[in-house]
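Close look at the chain arrangement
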Amino acid sequence: MKKKILSLLLVVCLGLSMVGCGGNDAGSTTGSNDSSSSDNSSSDEGSKTNEGGKIKVGIINNDSNESGYRTANNKDLKDKFTSENGYDASFFYSNKNDEQIAAAQKYIQDGVNYILLSAANKAGWDSVLQDAKTEGVKVILFDRTIDAKEDLYVASIVSDMEKEGETAVTWLRNQKLKEYNIIHLQGEMGTAAQVGRSAALDNAVKTDKWNLVAQQTADWNAEKAQQIVQSVIDSDKKFNVIYAENDDMAKGAVAALDKANISHGVGKDVVIMGFDCNKWALQELKKKNWNYDGQCNPFQADYIDDVIKKLEAGETLTEKTIILEEKGFDANEITDADIEQYGIGG
């Protein structure tokens, strides 16, 4: 009973904070809401569609300033889920699981048709998703998987984070270095991207007897990554590989190497590996300052839109889970055409 009361209070508080912050703070990690439809004011209270017959969608995403990947992902969704395309969409941003769960509960109470979810953490979603199912709200996962029963969501459009990690580790193994002394910069712990990309390296460390010099989360942040690498440099520990779970952390790691006059990239002292394929990161690859970058596809809105249209038409989905096609890039093979086609951001 106490848990239910606490949950209700949290939802009420969140609702008040949503009214207060509107869409002016999309980058807040403490939670922010942005209602993008031009005619939200005409929505019927408790109705599943507004007066224009638009599909009501609540989109729960991570902080849009978390990384270049997340910025591209958020823009892709905002460009698709517009009033002109038949949607009455609201956006909520937070890197905190409890705030995302409370936002989902608020969207259920608001009577949305769909909740689109990129979870901050894999765990803890069963209860609120069961509430959504009970109320007839369809949940579509995007970007990240969660640990929940499959009957609690209707579709999943996600990256295979484990495969991303395995592709990167296979590439690293194929470099046949004389020794492997690795600094492992992890993303925010518990996220699907961190779990998948870490698991692949952890397995290789065990099977191939690689040396893990340091393994620490930098929370996707360049400055934190720079501090971690600087600490390793100051300790005089030997390393020749930096496995960073996103481009921003790889960038921070390189800043620490540059400050210490340690060479990096193709044929240099330290192998640099990143993920996400920001355009600027792929350009570093082309210059041979980095060695490898793993793709993580942020463009999922078209897939989600297609799923919703099929469901609205009463069609049965032929596949519940859509795995986005992704690849890894080697500095010795990447082309300008690759950068143009696969690079995200400016």
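This is a predicted model, so every value here is computed, not measured.

This next bit is on the pairing of strand 3 (residues 87–93). With seven of its seven residues buried, strand 3 lies for the most part within the structure. Here strand 3 shows a buried face lined by Tyr87, Ala89, Phe91 and Tyr93 and a second buried face lined by Asp88, Ser90 and Phe92. Taken together, the seven bridges between strand 2 (residues 55–61) and strand 3 define a ladder with parallel strand orientation. Looking across to strand 3, one finds that Gly58 is bridged to Ser90. In this fold, strand 2 hands off to helix 2 (residues 68–80), which returns the chain to strand 3; that crossover is right-handed.

With that settled, consider empty space enclosed by the protein. Taken as a whole and assessed by the stated rule, the structure comprises one cavity of 30 Å³ or more. Of the volumes computed, that of the largest cavity is approximately 100 Å³. For the largest cavity, the lining is made up of 13 residues, of which Glu66, Tyr69, Arg144, Ala193 and Trp220 are closest to its centre. Mapped by element, the contributors of at least two residues to the lining of the largest cavity are helix 2 and helix 6 (192–208). Counted by class, the lining of the largest cavity contains five nonpolar, two polar and six charged residues.

Okay, the sheet that holds strand 11 (residues 292–295) next. Taken together, the six strands give an open sheet; going across it, the order is 8-7-9-10-11-13, and neighbouring strands pair in mixed fashion. Strands with a single pairing partner mark the edges of an open sheet, and in this sheet they are strand 8 (211–217) and strand 13 (328–330). Sheet twist, expressed as the mean angle between neighbouring strand axes with direction ignored, is 15°. Where strand 9 (residues 241–244) lies against strand 10 (residues 271–276), three bridges are found, and the strand directions are parallel. Counted as the bridge partner of Ile242 is Ile272 from strand 10. This element, helix 8 (residues 247–259), spans strand 7 (181–186), strand 9, strand 10 and strand 11 of the sheet and lies at about 155° to strand 10.

For a regular strand, the rule is simple: side chains alternate between the two faces of the sheet. Extensive coverage of strand 7 is indicated by the burial of six of its six residues. Here strand 7 shows no split at all, with Asn181, Ile183 and Leu185 on one side and Ile182, His184 and Gln186 on the other all buried. The pairing of strand 7 with strand 8 spans six bridges and is parallel. By the bridge assignment for strand 8, Asn181 is matched with Asn211. Between the parallel elements strand 7 and strand 8, the chain passes through helix 6 in a crossover that is right-handed.

Right, let's talk about unusual backbone geometry for a bit. Phi at Asp143 takes a positive value of approximately 70°, unusual for a residue other than glycine. Relative to the elements of secondary structure, Asp143 occurs in strand 5 (residues 138–143). Here Asp143 falls in the buried class, since its relative accessible area comes to 1%. The phi angle at Asn261 is positive, at roughly 55°, despite the residue not being glycine. With respect to the element layout, Asn261 can be found in the loop between helix 8 and strand 10.

What follows is about the nonpolar core. Grouped together as the largest cluster of nonpolar side chains are 39 residues, with contacts concentrated most on Ile183, Leu185, Val229, Phe239, Ile242, Leu257 and Ile272. When residues of this core are assigned to their parent elements, the largest contribution, six residues, is made by helix 8. For Leu185, the contacting residues outside a window of four places in its chain are Gln216, Ala225, Ile228, Val229, Ile242, Tyr243, Ala244, Glu245, Met249 and Ala253. In terms of nonpolar packing, the next biggest core, distinct from the first, is built from 22 residues, Val57, Phe81, Tyr87 and Phe142 among them.

What follows concerns the packing of aromatic side chains. Under the definition given, this model contains seven aromatic pairs. Ring geometry for Trp280 and Trp290: centres 5.8 Å apart, planes at 85°, overall edge-to-face. Remark: Trp290 occurs in the loop between helix 9 (279–286) and strand 11 and Trp280 occurs in helix 9; sequence separation between them is ten residues. Residue Trp280 is classed as partly exposed on the basis of its relative accessible area, which comes to 25%. Overall, Trp290 belongs to the buried group, its relative accessible area being 2%. Look at Phe329 and Tyr342: their rings are 5.3 Å apart centre to centre, the planes differ by 50°, and that puts the pair in the tilted class. Taken together, the positions of Phe329 in strand 13 and Tyr342 in helix 11 (residues 336–342) put the pair 13 residues apart, joining distant regions of the chain.

What counts and how
Residues numbered from 1 in each chain as written. Predicted model: local features only at pLDDT ≥ 70, side-chain atom pairs only at ≥ 80, totals over all residues. Heavy atoms only, no water. Buried < 20%, exposed > 50% of the residue type's maximum accessible area, 1.4 Å probe, protein only. Helix = DSSP H or I, 4+ residues; strand = E, 2+ residues; numbered from the N terminus. Pairing = 2+ DSSP bridges. Right-handed = clockwise from strand over helix to strand, strands pointing away. 1 Å grid on protein atoms, 1.4 Å probe; cavity = no way out; pocket = protein on both sides within 12 Å on 5 of 7 lines; lining within 4 Å. Points joined across faces, edges and corners; volume = space filled by probe spheres on them. Nonpolar A, V, L, I, M, F, W, Y, C, P; charged D, E, K, R; others polar. Axes fitted to C-alpha atoms, helices over the stretch in contact; angles between N-to-C directions. Contact = heavy atoms within 4.5 Å. Core = buried A, V, L, I, M, F, W, Y, C linked by side-chain atoms within 4.5 Å. Phe/Tyr/Trp six-rings, centres within 6.5 Å; stacked < 30°, edge-to-face > 60°.

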